[in-house]
Amino acid sequence: MRPSVKRVLIGSVAGSVVLGGVLVLLPPDGGGKAKPPALGPAGRAMAAVGAGAPAALPDLAVLIGEREAQVRAHPGDEQSWAVLGSAYVARGVRTADFRDFPKADRALRTSLRTNPDRNPEALTGLATLANARRDFRSARKWGELAVKQAPKRWTAYPALIDAYSGLGDAKGVGRALESLQELGSGSAVLARSGQVYRDRGWREDANAALTDAAALAVAPAAKAAALHRVAELAWERGEPTVALRHYDAALAADAEHHPSLAGRGRALAALGRSSEALLAYRSALTKHPLPEYALELGELYESLKLTPAARAQYDTLRTLVRQEKARGIGINNERVLGLLDADHGDADAAVRRLTAEYKRHGSPETADALGWALHRSGDGEAGLKLVTKAMDKGPRSALFAYHRGVIERELQYYGAARRHLNEALRINPYFSPLGVPAAKRALEALGEPPEGGPAEMYAPAPAQQATVTRPSPRTQPQRRTPASTRTTR
């Protein structure tokens, strides 16, 4: 049954989240009780990292410096190694400078070697690191071990939720979220709940939870992350003006919040403010060179008929991935590379890449990407099965509906194609600078449905028209819609 989102009192919860985060990462004193530090820079960073919330970069720098000094003096201090590793992960995620990830891996594994039997802090850190690398199988392993060692410690469950989401395990997500909500409260718990509700298509519940998470967040970095989630939900609803307002609010809280810089570019492009959109994307990519940003910027250039600039961004994406691989950072970029190849490169290579990725991480997003690549390589029937599965199991996504509609049109399932192309534009009329015009062109080519309603619409195609692939508005071959495509979310 669908849970209702419970509102919480800001004053009573905010302090408990901070204190809880400190207690998670601090070693016990001689009396067996945790001794929280004064909330100076290191204490604030430790509280944020412990609660799974973003920390301010200056605070993280102080915490990392202190813990590095501590482990040099006391190399057997497994708690300090765990704190140090988790802080490296947090800084790498905040700055998109993933050179911190190998250091985090070494620190967390050193902590685990020092104390393998009762060390949920190191295990949770390893799960968080694996999620950041998009290695969701490893994240699940470490997260489940952390929960096994300390089932009442709420801070392990957010990492486990992310791992199950990346693997497409909806039941696992549900179990972990239930445990998280029973054990924890506050901004971090609400933010995770909102993301799960969004993935289930419960937009009202998601918006309520994420709005409360933003209201509860106190630290600027945490507030920026929460506001970004609210903005993303508005963007997915097709509300670029609302999304832009929240992206701007996130950047006002934390000017270096790079996901909001890129999101701002996306919203500005939807509003027709192309020059500002390009500037926002270039700023995000310059400060935080992520392959995803290069792909989005390249497609924006392509939509503006700036083909050389688009190709330069696609080349930049491949260069960034090669550099990360050469540094041994361990980031899994298979899905973004597959999307690039499917639309702007070798579709057969995309199928090979995404088939392997789907076997590892069977999320709806990977299913949709593989289904689209199969279509682009000429196997529309197999592709349709996967994009249908993505729509059935995943969030309410304009991109998923667009991919399904395009494949159905290619396969001559014209009634279903009309429904899903229209659905994509209803969900978000701005979902992609390349996909939106393509969806409109496809609908125009399909024309109006034939007279006679559903019975005529799904009648078998006449034999002499069976090979038609580009229907005209006046004469369209009809084809029976397969059972798997007759219903939509």
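One can find the structure itself at the top, above this paragraph.
So, here's what we can say about the structure. From a predicted model like this one, the values you see are computed outputs, not experimental measurements.

Moving on to the packing of aromatic side chains. Under the definition given, this model contains four aromatic pairs. Ring centres 5.0 Å apart and planes at 35 degrees place the aromatic pair Phe98 and Phe101 in the tilted group. For Phe98, a relative accessible area of 13% gives the class buried. Site record: aromatic cluster; members linked through ring pairs are Trp372, Tyr402 and Phe431.

On the surface, Lys171, Arg175, Lys389 and Lys393 cluster together into a positively charged patch. Of all the secondary-structure elements, those providing two or more residues to the positive patch are helix H9 (170-183) and helix H21 (380-393). Relative to the helices and strands, Lys171 resides in helix H9.

So, about the packing of helix H14 (residues 258-270) against helix H16 (residues 291-303). Put simply, H14 and H16 touch, their axes get as near as 11 Å, and they point 15 degrees apart. If you check the angle between H14 and H16, you find them roughly parallel. Read as a crossing pair, H14 and H16 show a hand that is left-handed. Each of His258, Pro259, Ala262, Arg266 and Ala269 in H14 lies in contact with H16, whose residues at this interface are Tyr293, Glu296 and Leu300. Residues belonging to the contact of H14 with H16 are distributed by class as follows: five nonpolar, one polar and two charged.

Further remarks concern the packing of helix H13 (residues 240-253) against H14. Closest axis-to-axis distance for the H13/H14 pair is 9 Å, and the angle between their directions is 155 degrees. As judged from the angle between their axes, H13 and H14 are roughly antiparallel. Where H13 crosses over H14, the handedness of that crossing is left-handed. On H14, the residues that touch Pro240, Leu244, Tyr247, Asp248, Ala250 and Leu251 of H13 are Ser260, Leu261, Gly263, Arg264, Arg266, Ala267, Leu268 and Ala270. In terms of residue class, the contact of H13 with H14 is built from nine nonpolar, two polar and three charged.

This part is about helix H8 (residues 157-167). The element H8 is extensively covered by neighbouring structure, given that nine of its 11 residues are classed as buried. Packing partners of the buried residues in H8 comprise helix H6 (120-132), helix H7 (136-149), H9, helix H10 (187-200) and helix H19 (347-360). Among the residues trailing H8, Gly168 stands out with phi positive, at a value near 75 degrees.

Basis of the calculations
- Residues numbered from 1 in each chain as written.
- Predicted model: local features only at pLDDT ≥ 70, side-chain atom pairs only at ≥ 80, totals over all residues.
- Heavy atoms only, no water.
- Phe/Tyr/Trp six-rings, centres within 6.5 Å; stacked < 30°, edge-to-face > 60°.
- Buried < 20%, exposed > 50% of the residue type's maximum accessible area, 1.4 Å probe, protein only.
- Patch = residues over 30% accessible without salt bridge, like charges linked within 9 Å, V, L, I, M, F, W, Y side chains within 5 Å.
- Areas by Shrake-Rupley, 256 points an atom, 1.4 Å probe, with all protein chains shown as cover.
- Salt bridge = Lys/Arg side-chain N within 4 Å of Asp/Glu carboxyl O.
- Lys, Arg positive; Asp, Glu negative; His and termini not counted.
- Charge placed at Lys NZ, Arg CZ, Asp CG, Glu CD.
- Helix = DSSP H or I, 4+ residues; strand = E, 2+ residues; numbered from the N terminus.
- Axes fitted to C-alpha atoms, helices over the stretch in contact; angles between N-to-C directions.
- Parallel < 35°, antiparallel > 145°, perpendicular 65-115°, else oblique.
- Left-handed = near helix turned anticlockwise from the far one by under 90°.
- Contact = heavy atoms within 4.5 Å.
- Nonpolar A, V, L, I, M, F, W, Y, C, P; charged D, E, K, R; others polar.

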